[in-house]
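An overview of the molecular structure
Each chain is listed here by its residues.
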Amino acid sequence: MGNRGMEELIPLVNRLQDALSSVGESRLTLPQIAVVGGQSAGKSSVLESFVGRDFLPRGSGIVTRRPLVLQLLNADTEYGEFLHCRGRKFTDFNEVCQEIEAETCRLLGSNKGISPVPINLRIYSPNVLNLTLVDLPGITKVPVGNQPADIEYQIRDMIMQYICKENCLILAVTPANTDLANSDALKLAKDVDPQGQRTIGVITKLDLMDEGTDARQILENRLLPLRRGYIGVVNRSQKDIDGKKDIMSALLAEEKFFLSHPAYRHMAPRMGTPYLQRTLNQQLTNHIRETLPDFRSRLQGELMTLNKEAEDYKQYSPDDHARRTKTLLQLVQRLAVDYEELIEGSGDRVDTVNLSGGARINRIFHEHFPYQLVKIESDESKLRQEINYAIRNIHGVRTGLFTPDMAFEAIVKKQITRLKAPCLNFVDMVSSELVTTVDQCINKLSSFPKLQDETERMVSAEIREQERVCKDQILLLIDIQLAYINTKHEDFIGFTNAQHINNQRNKKTVAGIAGNQVIRKGWLTISNIGIMKGGSKECWFILTAESLSWFKDDEEKEKKFMIPLDNLMLKDVERGFMTRKFIFAIFNTESRNVYKDYKHLELACNSQEELDGWKASLLRAGVYPEKVTDAENDSPPESLTDPLLERQVETIRNLVDSYMSIIYKTIRDLMPKAIMHLLINSVKEFISVKLLAQLYALGECSMLMDESPEQQKRREEVLHKHAALKEALAVIGEISTSTCSSTLPSPTDSSWIKSSRPEKMVTAVTRGGAPRVYPHTSHPALQSTDGFQKATRRPHRAPPSVPSL
């Protein structure tokens, strides 16, 4: 054959086939030959001629109901072996036939249904050449018995699953006593291999042609040509089979037929089953050689994805107590590292889709909490009323000449007390995020359910305990602020200066920010303005310390509008059931229009994170949230008719504002520090130092390391697959691919083969008005002109009443 060295490749591929089948690998398609043909086309006879034995079930109707992957290996002894009962050698080929029937019935029962699940059969014999073939069910048109109504489409679908793969050679078997131009096998082959690079034609039943006719021009590839041509074979007739004529005698009769037939004697050396077997061996060998580099690359890719997981599994031995203990220690250490990486943001694997861990807690620290503090500020008129009542109640029946400092202290303490609720809520929010972060880390222990449950229980208990301690300490900090009102603080304005800043208090200033400094940029949608007036579409917004502007796009060339921030406030807007966006609104406190004829402007963003970010940025720019008043106590304030009392109220108001700004600044600074120290770092220390000791204290370390059934199965599968892939790559590395190969024949005109897909009828109208119908058989998927047809998608099965394929 001129390719003897490469014959070792076919046994190699058979070994790869077994290794990958045993681990359920389906993404790596191995080179093989698919035998395609109609019922009674002679497929089984061709395969039996290759082996020299009767081993395939026979009968009327559809007999092959599952694909049979037949691996032929040249050996000194003759026997068969099935993959599903490995180790058992079948020396009686009648038993091989019975086992095929039994395995088919085991999956499908006694009806005539089909299944794509293959039967793997390996036959060792000194009478075979190394080949790997797939015997597929014969193409049928009409269901019989209890077959499903769409049996034709099921069979075609199954055949297409095999022959559409680029590394599959197609052996198209057609009887000589039928119309070759209408061969179902050649039609299907052309659908997936329009250039004919993978298709080999086989003509059977040459001895059954009508007297005076022959297939000489077809076998010479002059009539109805194929790129790889045709090979003619003569199989045993049904009479020969019933008469127990052995295959060796049939092969001798076949040779005599070709040598004696006047139309075929000149091509007899290129006809017959032995020549077909040698040709297939040569073609398959060449095909394997061409696809081997890509096949090796895919194997290496699969192996690389499994290396890390397999290495972890190898280090764990379920029966070794010392190994279990070491694994427990490693898992707890890994948990501590994962927790620290999520909190500190120092992990190698960075989430680019969502905020997590420390980033979400940071957002609570610097966006949620400052916003909540501002929201608790009292309404101006209500605060003045409280100061008025406090001053008058302190003076009693007397008329006070001086501003009482007790009124200032009473109002300040009331304001400080109101900080408790947002501070405790602050702890709850951080604690909730911390639980989510810890759960994300503990979920990696799912391979060991008992260890995961105990770890989750212990860490959750620690978080609850530290949350309680943290809340106690925060309440203590607020009580400390209540215990002593320090009017000597360096930032406190004092009574002397309080009376000189009345006109300054209401002027909005943004400390530390220049007027033109950009605070935030981003996309927002103006949701309360119709699209005809320029709303309901995204615009590019820019927030500075003095204004809010928006542009057509982020190039910032076409400015749409600019709103000064003076007297602006923001408020929350409920989401409608028809929108997924998050909405807030800005409005003018003096009831002026914000934008054209609109009293308020509703701005929508795509996520809660964006909403919180914009609120925090507006707060930084001096746009505060709307005050929430208590409806029950919202009575109109009393008018101040006493000028002295009015001055005293104004003085106390300024003093309260000055002192509370110090308190707010202190609380904003201390709360994140307290939570970080008392809650987050305490949980970190517990996981790093105390968790392992508590797990050991349970006295059930061995039970904690029991694998889940799913994990045990997964470990075995990964190790088995990893070993199979390593073995496959090692064997491929041992083989030499420096061999000679035959060149591919030149392209031929195969337009005579009709597509197996239904013809589309195109109707045109002639000059006389009579419609004419033209068949249209082109298909976009079949117009490839370079290389193999890349048909990798499984065809859709049509309903029984609709023609398909």
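The model shown is predicted, which means the values in this text are computed figures rather than measured ones. Residue positions are counted from 1 within each chain, in the order its sequence is given. With the structure being a predicted model, the display of local features is reserved for residues of pLDDT at least 70 and the display and counting of side-chain atom pairs for 80 or more, all residues being used for whole-chain, interface and lining totals. Processing note: side-chain calculations cover all non-hydrogen atoms of the structure and skip hydrogens and water entirely.

Quick notes on the overall build of the protein chain
Each helix is a run of H or I in the DSSP string that is no shorter than four residues. Each strand is a run of E no shorter than two, and both are numbered from the N terminus. Summing up its helical and strand segments, the protein chain has 20 helices and 18 strands in all. For every residue, the accessible area obtained with a 1.4 Å probe (protein chains only) is divided by the maximum for its type, and the residue is called buried under 20%, exposed over 50%, and partly exposed between those limits. Considering the protein chain as a whole, with its 805 residues, one finds that 47% of them fall into the buried category. Here the open area of atoms and residues is found with the Shrake-Rupley method and a 1.4 Å probe, where only the protein chains shown may cover a residue. Surface exposure of the protein chain reaches about 41,600 Å², of which carbon and sulfur atoms provide 50%.

A closer look at the sheet that holds strand S16 (residues 624–625)
Two pairing modes exist for strands in a sheet, parallel and antiparallel, and in both the strands are linked by backbone hydrogen bonds. Note on pairing: DSSP must find at least two bridges between two strands before they are called paired. The strand order across the open sheet built from eight strands is S12-S11-S10-S9-S15-S14-S13-S16, with neighbouring strands paired in mixed fashion. Edge positions in the sheet fall to strand S12 (559–564) and S16, since each of these pairs with one other strand and no more. The contact rule is simple, with two residues in contact once any of their heavy atoms fall within 4.5 Å. Only the stretch in contact is used when a helix axis is fitted, and all axes are lines through C-alpha atoms; the angle between N-to-C directions ranges over 0 to 180 degrees. Strand contacts of helix H17 (residues 608–620): strand S9 (518–526), strand S10 (538–544), strand S11 (547–551), strand S13 (568–572), strand S14 (582–588), strand S15 (600–605) and S16, with the helix running at about 130° to S9, the strand carrying the most contacts.

Here we look at unusual backbone geometry
Positive phi values are uncommon outside glycine, yet Asn567 reaches one of about 65°. Note on placement: Asn567 falls in the loop between S12 and S13. The class for Asn567 is partly exposed, based on a relative accessible area of 35%.

Structural notes on helix H9 (residues 273–314)
In this scheme, a helix's expected span is set at 1.5 Å multiplied by one less than its residue total. Taking 1.5 Å of rise per residue, 42 residues should cover 62 Å, yet H9 covers just 50 Å from first to last C-alpha, more than 12% shy of that figure. Note that bend, as reported per residue, equals the angle between axes fitted to the 7 residues terminating at that residue and the 7 residues originating from it. Of all the bends in H9, the largest measures some 45° and sits at Leu292, one to four residues before the proline Pro293.

Considering the confidence of the model for the protein chain
One number per residue, pLDDT, summarises how confident the predictor is, and it ranges from 0 to 100. Within the protein chain, residue pLDDT values average 77, and 78% of them lie at 70 or more. A low-confidence stretch, residues 629–634 (pLDDT under 50), is modelled with three contacts involving residues beyond four sequence positions or located in other chains. Note on residues 758–805: pLDDT is under 50 here. Beyond four places in sequence and across chains, it has 78 contacts.

Details of the pairing of strand S3 (residues 79–82)
What you see with S3 is no split at all: Tyr79 and Glu81 on one side and Gly80 and Phe82 on the other are buried throughout. Sheet analysis places S3 next to strand S4 (residues 119–125), joined by four bridges and oriented antiparallel. Within S4, the position partnered with Gly80 by the bridge is Ile123.

Details of the pattern of salt bridges
A carboxyl oxygen of Asp or Glu within 4 Å of a side-chain nitrogen of Lys or Arg is what we treat as a salt bridge. In this structure the tally under the stated criterion is 30 salt bridges. In this structure, Glu465 engages Arg468 in a salt bridge whose closest nitrogen and oxygen atoms are separated by 2.6 Å. Of this pair, Glu465 and Arg468 both sit in helix H15 (residues 449–483), three residues apart, which is roughly one turn of that helix. With relative accessibility at 36%, the residue Glu465 sits in the partly exposed group.

Digging into the pairing of strand S5 (residues 131–135)
Most of S5 is tucked away: five of the five residues are buried. Across the two faces of S5 the burial is the same, with Leu131, Leu133 and Asp135 and Thr132 and Val134 all buried. Sheet topology places strand S1 (residues 32–37) next to S5; three bridges connect them, and they run parallel. Counted as the bridge partner of Ala34 is Val134 from S5. Bridge count for strand S2 (residues 68–74) against S5 is five bridges, and the pairing is antiparallel. Bridge pairing in S5 places Val69 opposite Val134.

Some remarks on the sheet that holds strand S8 (residues 230–232)
One open sheet holds the eight strands; their spatial order is S3-S4-S2-S5-S1-S6-S7-S8, and the pairing between them is mixed. This sheet does not close on itself; its edge strands, each paired only once, are S3 and S8. Averaged over all adjacent pairs, the angle separating strand axes in this sheet is 25°, with direction ignored. Each of S2, S3 and S4 is contacted by helix H3 (residues 93–108), which is oriented at about 170° to S4, the strand it contacts most. Together, S1, strand S6 (168–175), strand S7 (199–204) and S8 form the strand contacts of helix H5 (residues 184–192), whose direction differs from that of S6 by roughly 155°.

Regarding the environment of Gly109
With respect to the helices, strands and loops of the structure, Gly109 is situated in the loop between H3 and S4. Not counting the four nearest positions on each side in its chain, Gly109 is found in contact with Arg65 and Thr104.

Side note on the side chain of Lys615
Relative to the helices and strands, Lys615 resides in helix H17. The exposure class of Lys615 is buried, given its relative accessible area of 8%. If we skip the residues at most four places from it in the chain, Lys615 touches Tyr371, Leu570, Asp572 and Phe584.

Structural notes on the packing of aromatic side chains
In this description, an aromatic ring pair is defined by two values, namely the gap between the centres and the angle between the planes. Two aromatic rings, drawn from Phe, Tyr or Trp (for Trp, its six-membered ring), form a pair once their centres lie within 6.5 Å of each other, and the interplanar angle then sorts them: stacked below 30 degrees, edge-to-face above 60, tilted otherwise. Applying the stated criterion across every chain yields a total of 15 aromatic pairs. Relative to Phe90, the ring of Phe82 has its centre 5.3 Å away and its plane inclined at 85°; by these criteria the two rings are edge-to-face. The exposure classification of Phe82 matches that of Phe90, with both residues buried. Ring-pair connections join several aromatic residues into one group, and the members of that group are Phe541, Trp550, Phe561 and Tyr595. Only lysine NZ and arginine CZ atoms are considered, and such an atom sits over a ring when it is within 6 Å of the ring centre and within 35 degrees of the ring normal. The ring centre of Tyr162 lies 5.3 Å from the NZ or CZ of Lys165, which sits over that ring. The aromatic ring of Trp614 is capped on one face by Arg520, whose charged end is 5.1 Å from the ring centroid.

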